[in-house]
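Structural characterization, general
Listed below, chain by chain, are the residues.
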Amino acid sequence: MSLSLAIKKAYPGFTLDIELEAGEERVALLGASGCGKSCTLRCIAGVETPDEGRIVVNGVTFFDSKARINLTPQQRKCALLFQNYQLFPNLTVGENVRAGMDRALDASAQEDLARRCLAIFGMSTFADRYPASLSGGQQQRVALARMIAAHPGIYMFDEPMSALDSYLKSALEQNLLDLFDALDATVLYVSHDIDEACRLCDRIVVMHGGRAVESGTPAELMRAPKTLAALRLTGCKNTSPARKLSDTVVEAIDWGMTFDVGAPVPDDVAYLGVRASYFHRDNRAARGRNSYDLTVARVSDSRFERLVLLDPPRADSPSRLQWKIDLRSASADELPERGDVLRMHFDAKRIHLVSR
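Values in this document were obtained by computation on a predicted structure and should not be read as measured data.

Cut-offs used in this document
- Residues numbered from 1 in each chain as written.
- Predicted model: local features only at pLDDT ≥ 70, side-chain atom pairs only at ≥ 80, totals over all residues.
- Heavy atoms only, no water.
- Phe/Tyr/Trp six-rings, centres within 6.5 Å; stacked < 30°, edge-to-face > 60°.
- Helix = DSSP H or I, 4+ residues; strand = E, 2+ residues; numbered from the N terminus.
- Buried < 20%, exposed > 50% of the residue type's maximum accessible area, 1.4 Å probe, protein only.
- Lys NZ or Arg CZ within 6 Å of the ring centre and 35° of its normal.
- Salt bridge = Lys/Arg side-chain N within 4 Å of Asp/Glu carboxyl O.

Bringing the packing of aromatic side chains into the picture now. Taken as a whole and assessed by the stated rule, the structure comprises seven aromatic pairs. Centre to centre, the rings of F259 and Y292 are 6.1 Å apart; their planes meet at 70°, and the pair counts as edge-to-face. Note that F259 is positioned in strand β14 (residues 257–260) and Y292 in strand β17 (residues 291–301), a separation of 33 residues in sequence. Accessibility classification places F259 together with Y292 in one group, the buried group. Feature note: the residues F259, F279, Y292, W323 and F346 constitute an aromatic cluster, connected by ring pairs. Here the basic side chain of K9 rests over the ring of Y11, its NZ or CZ set 5.5 Å away from the ring centre. Geometry around Y278 places R350 over its ring, the cationic atom sitting 4.2 Å from the centre.

Close approach of charged atoms allows side chains with opposite charge to pair. Evaluated as defined, the whole model comprises 22 salt bridges. Residue E305 pairs with K324 through a salt bridge whose shortest N-O separation is 3.9 Å. Placement of the pair is E305 in strand β18 (residues 305–311) and K324 in strand β19 (residues 321–326), with a sequence separation of 19 residues. One salt bridge connects R314 with D316, and the closest N-O pair in it is separated by 2.7 Å. Residue D316 is classed as exposed on the basis of its relative accessible area, which comes to 53%. Each of E111, D112, R115 and R116 takes part in one network of salt bridges that share partners.

The values are spatial; any link to function lies outside them.
Shown next, in the form of structure tokens:
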């Protein structure tokens with residue numbers, strides 16, 4: 001199973017220009033809204049037509065602008081799952097699952113296959129019910145069973161859980177993992193949620209402005225992002241334009257702060273990032289390297305964390321630093337309040353530098 005993609009398509013406001021290779025793996029397309037993630041899936045499925053390029057799935061050419069090949073969506077046999085699951089309301093659950101099957105199968109074979117696919121997700125007893133009588137989670141399981149029954153060449157998911165609450169989303173992620181365990185195929189999964197992408201996929205492709213700007217395993221992207229887009233999408237709350245001051249010293253321009261990173265600073269460094277949990281209070285008697293006295297501008301609590309906003313040294317800074325404290329491990333007298341002045345230390349090894 002494989003995907004080879006190199007296409008261009010002009011949209012109002014941006015141009016999709018993406019190259020992507022994938023094998024038997026789960027690949028997340030991660031990016032902000034409007035970066036081209038969903039457009040890529042629609043071009044593969046044949047719902048939209050690229051201006052130029054080539055799409056090959058499992059050795060079958062879906063689209064080739066030079067050879068003038070453009071298979072219909074029906075000929076491509078793709079499985080594309082949207083947020084609303086797109087079940088046919090006038091068909092029963094069993095009929096919905098059979099709707100995408102190979103018509104060469106006789107009726108009894110189709111019914112048996114539908115029952116087996118529904119059983120994977122615990123929905124075999126719902127075969128005679130209609131979608132309107134099902135919960136959102138049950139509808140998703142039916143849609144997943146329909147995907148398996150169709151035996152597509154590639155499986156694609158377009159943010160199928162973005163409208164769900166956290167409890168239901170967690171349960172339905174397990175349904176997806178059940179599906180993935182049953183597949184030996186290429187899976188493309190569109191998301192803007194880094195945690196969701198990490199839990200469900202083997203590899204993450206970061207998209208920005210219609211292009212794939214970075215690719216790697218979840219661990220690789222978290223440990224060493226190479227672009228500002230990846231830095232932000234992997235959850236880094238503190239970013240600033242940066243410039244090199246000396247071999248190992250870099251300036252965070254927006255904050256009016258300099259850091260000795262203890263390693264060579266690239267000549268083309270453009271941005272600096274520090275994750276919200278990657279710096280801490282400096283309790284040493286003498287100020288250490290990469291330590292600053294910062295004033296607490298605001299605090300706010302979630303269930304398990306206190307978010308502390310800190311004013312950087314630059315008086316007209318366009319952004320504040322975000323620091324997160326685990327409420328489960330911090331004592332009450334350790335929790336900062338608005339107006340406190342804290343000496344904060346930034347670990348040189350945990351400062352990210354990117355060139356674009």
